[in-house]
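Here is how the chains run, residue by residue.
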Amino acid sequence: MTQVSMRVDGVSYTDEVEPRTLLVHHLREALGKVGTVVGCDTSNCGACTVHLDGQAVKSCTVFAVQADGAEVTTIEGIGSQGDLHPVQKAFHEMHGLQCGFCTPGMIMASIDLLKENPNPSETEVREGIEGNLCRCTGYQNIVRAVQQAAGEMSGSSDTLGAQA
Ligand code: FES
Ligand code: FES
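Residues numbered from 1 in each chain as written. Chains lettered and ligands numbered in written order. Predicted model: local features only at pLDDT ≥ 70, side-chain atom pairs only at ≥ 80, totals over all residues. Heavy atoms only, no water.

Asks: Before we go on, may I ask you to explain the overall build of the protein in this structure?
Replies: Counting its secondary structure elements, the protein contains six helices and five strands. What you see in the protein, going N to C, is helices and strands ordered as β-β-α-β-β-β-α-α-α-α-α. In summary, the protein has a C-alpha radius of gyration of 16 Å against a globular reference of 15 Å for 164 residues, a match within 12%. On the principal axes, the C-alpha backbone points of the protein span a range of 55 × 30 × 25 Å. With 164 residues in all, the protein has 42% of them scored as buried. (Helix = DSSP H or I, 4+ residues; strand = E, 2+ residues; numbered from the N terminus. Rg over C-alpha atoms; globule rule 2.2 N^0.38 Å. Buried < 20%, exposed > 50% of the residue type's maximum accessible area, 1.4 Å probe, protein only.)

Below is the structure:
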């Protein structure tokens, strides 16, 4: 076992983990962060996406020991029920989810995308979230949600209209 310390959603944790433990399993099973989900375990679907020191990563591709000393943000750390993150709000308003299984990862990837590119075109949104798979929606409403969030975060309300 190896001792790892990390801050997750603003709280510091120190735990003993096996070197082979994946970050996603550590988050869910040791820390109770079940908002981060496992869709494939083979780095294909993106459902497990979290931010590691501010960058989106698939947490099934990272060992917990690799996050030692890091700042981790999960879907549970970006907003609350009464105070949603603009990307969460836009997914809700634009019907960017159906079953919602992919949604935590989509939202975490989208926040990272908007940090890099605050006003992405439709193509740039599609490219930005290409590592995240949704088996339900056909992506159209997800893309619209990301663009609505971009408009809201940049203070403009006509992002969608400008690109329609
Ligand atoms: S569970 Fe990590 S990419 Fe699918
Ligand atoms: S809403 Fe069902 S997988 Fe994305």
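Asks: How should the packing of helix α2 (residues 86–93) against helix α3 (residues 103–116) be read in this particular structure?
Replies: Axis angle and axis distance: for two packed helices, these are the angle between their axes and the distance between the axes, and together they describe the pair. Orientation of α2 relative to α3, taken along the N-to-C sense of each, is 125°, at an axis distance of 9 Å. Accordingly, the angle class assigned to the pair α2 and α3 is oblique. Between α2 and α3 the crossing geometry is right-handed. On α3, the residues that touch Val87, Gln88 and Phe91 of α2 are Thr103, Met106, Ile107, Ser110, Ile111 and Leu114. (Axes fitted to C-alpha atoms, helices over the stretch in contact; angles between N-to-C directions. Parallel < 35°, antiparallel > 145°, perpendicular 65-115°, else oblique. Left-handed = near helix turned anticlockwise from the far one by under 90°. Contact = heavy atoms within 4.5 Å.)

Asks: Whenever I open this one, the packing of α3 against helix α5 (residues 140–153) confuses me. Can you help?
Replies: Contact geometry of α3 with α5 gives a least axis separation of 11 Å together with a crossing angle of 45°. Of the possible angle classes, the one that applies to α3 and α5 is oblique. Handedness of the α3/α5 crossing: right-handed. Counted together, Met106, Ser110, Leu113 and Leu114 of α3 and Ile142, Val146, Ala149, Ala150 and Met153 of α5 form the full contact between these two elements. When its residues are assigned to classes, the contact of α3 with α5 shows eight nonpolar, one polar and no charged. (Nonpolar A, V, L, I, M, F, W, Y, C, P; charged D, E, K, R; others polar.)

Asks: How should I be thinking about the pattern of salt bridges in this particular structure?
Replies: Once their charged atoms are close, side chains differing in charge can pair, the charge on each being opposite to the other. In total, this model carries seven salt bridges according to the counting rule given. The salt bridge involving Glu71 is made with Arg7; its shortest N-O contact spans 3.6 Å. With Glu71 in strand β5 (residues 71–73) and Arg7 in strand β1 (residues 2–8), this residue pair connects regions lying 64 residues apart in the sequence. According to the relative accessible area criterion, Arg7 is partly exposed, its value standing at 36%. Close ionic contact of Glu18 with Arg20 constitutes a salt bridge, the shortest N to O distance being 3.1 Å. (Salt bridge = Lys/Arg side-chain N within 4 Å of Asp/Glu carboxyl O.)

Asks: How should I be thinking about the environment of Gln3 in this particular structure?
Replies: Secondary-structure assignment places Gln3 in strand β1. Between the alpha carbons of Gln3 and Met108 there is a distance of 27 Å; along the sequence they are 105 residues apart.

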